[in-house]
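Now for the letters of each chain:
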Amino acid sequence: MQRRAARGLTDLEFAEFYRHRLVRTVGGRERSVEIMAAYAKWAVCRGAGGISFRMLRRFLSDRGHRPFTSNGAWYADLRIAADGETVVDPGPSRPMHAEYLDDLAARIDAISDSLERLRCLVSDAIEHSDFSSALPDVAAQHAPTAKQEGANGEH
């Protein structure tokens, strides 16, 4: 559980690095070792967690940067911002991929099914219950007594 929480925190940290230090550039490419070095430098300055090359691949792939090899490992449509360069947010920090959306749809369907079963159980309970014996007569509780009628001047 802690490992999963730490991974989520690292993803958030990488998203911040991505927004501030990487530039989405169509046709651009950047070496994975250069990106790792830039992240490590950024992480040390901010006290962020470290990442592995495997995590880097996942983080960048999730953001639409295709990994490829050509005399080393590279990522497409990306470059590291120059020191002091103002970076415009390169886009959504985590696009929703088909697998994630399928999982989300399945969870919604499961919740919907559970709610439908619960609604049916409640409807059946209402339909088959005799509430007249279970509930006190509300009218009798609120009807004035003879003593109250006399106090109000009613006969």
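Relevant structure appears above.
Since we're looking at a predicted model, the values are computed, not measured.

Draft legend 1. Quick peek at the pattern of salt bridges. Under the definition given, this model contains three salt bridges. We note a salt bridge from D83 to R21, for which the minimum N-O separation is 3.5 Å. Taken together, the residues span a long stretch of sequence, with D83 in the loop between β3 (73–80) and α4 (98–127) and R21 in helix α1 (residues 2–21) at a distance of 62 residues. By relative accessible area, D83 is classed as exposed at 64%. The buried category is assigned to R21, whose relative accessible area is 18%. For R58, the salt bridge is made with D62, and the minimal N-O distance between the two is 4.0 Å. In this pair, R58 and D62 both sit in helix α3 (residues 53–62), four residues apart, roughly one turn of the helix.

Draft legend 2. Expanded view of the side chain of E13. Relative to the assigned elements, E13 resides in helix α1. R46 provides the closest opposite charge to the buried, salt-bridge-free E13, at an N-O distance of 10 Å. Here the side chain of E13 touches G49 through a polar contact of 2.9 Å, landing on its backbone nitrogen. Beyond its immediate sequence surroundings of up to four residues, E13 is in contact with Y39, W42, A48 and G49.

Draft legend 3. Examining α3 more closely. Looking at α3, one finds that the buried residues are M55, L56, F59, L60 and D62. Down the axis of α3, the buried side of the element spans an arc of 160 degrees, and every buried residue falls inside it. Of the residues flanking the end of α3, it is G64, one or two places downstream, whose phi is positive at about 90 degrees.

Draft legend 4. Local environment of the side chain of E30. Within the fold, E30 resides in strand β1 (residues 22–31). Although E30 is buried, it forms no salt bridge, and the closest oppositely charged side chain is R79 at an N-O distance of 7.2 Å. Here I80 takes part through its backbone nitrogen, which lies 3.1 Å from a polar atom of the side chain of E30. Setting aside residues no more than four positions away along its own chain, E30 makes contact with I35, A73, W74, Y75, L78, R79 and I80.

What counts, and at which threshold
- The written sequence of each chain sets the order in which its residues are numbered from 1.
- Under the rules for a predicted model, residues below a pLDDT of 70 receive no local features and side-chain atom pairs below 80 are neither given nor counted, while totals for whole chains, interfaces and linings still include all residues.
- To obtain the side-chain values, all non-hydrogen atoms of the structure were included, while hydrogens and water were left out.
- Definition used for salt bridges: Asp or Glu carboxyl oxygen within 4 Å of a side-chain nitrogen of Lys or Arg.
- Helical segments are the DSSP runs of H or I of at least four residues, strand segments are the runs of E of at least two, and each set is numbered from the N terminus.
- For the exposure calls, accessible area comes from a 1.4 Å probe over protein chains only, and a residue counts as buried if that area is under 20% of its type's maximum, exposed if over 50%, partly exposed in between.
- Charge assignment in this entry is limited to Lys and Arg as positive and Asp and Glu as negative, and neither His nor the chain termini are counted.
- Any pair of nitrogen or oxygen atoms within 3.5 Å is treated as a polar contact; in protein, a donor-acceptor pairing is required on top of that, and neighbouring residues in sequence qualify only through side-chain atoms on both sides.
- Throughout, a contact is declared for two residues whenever any of their heavy atoms are within 4.5 Å.
- Each direction from the helix axis to a C-beta atom contributes to the arc, which is the arc of those directions.

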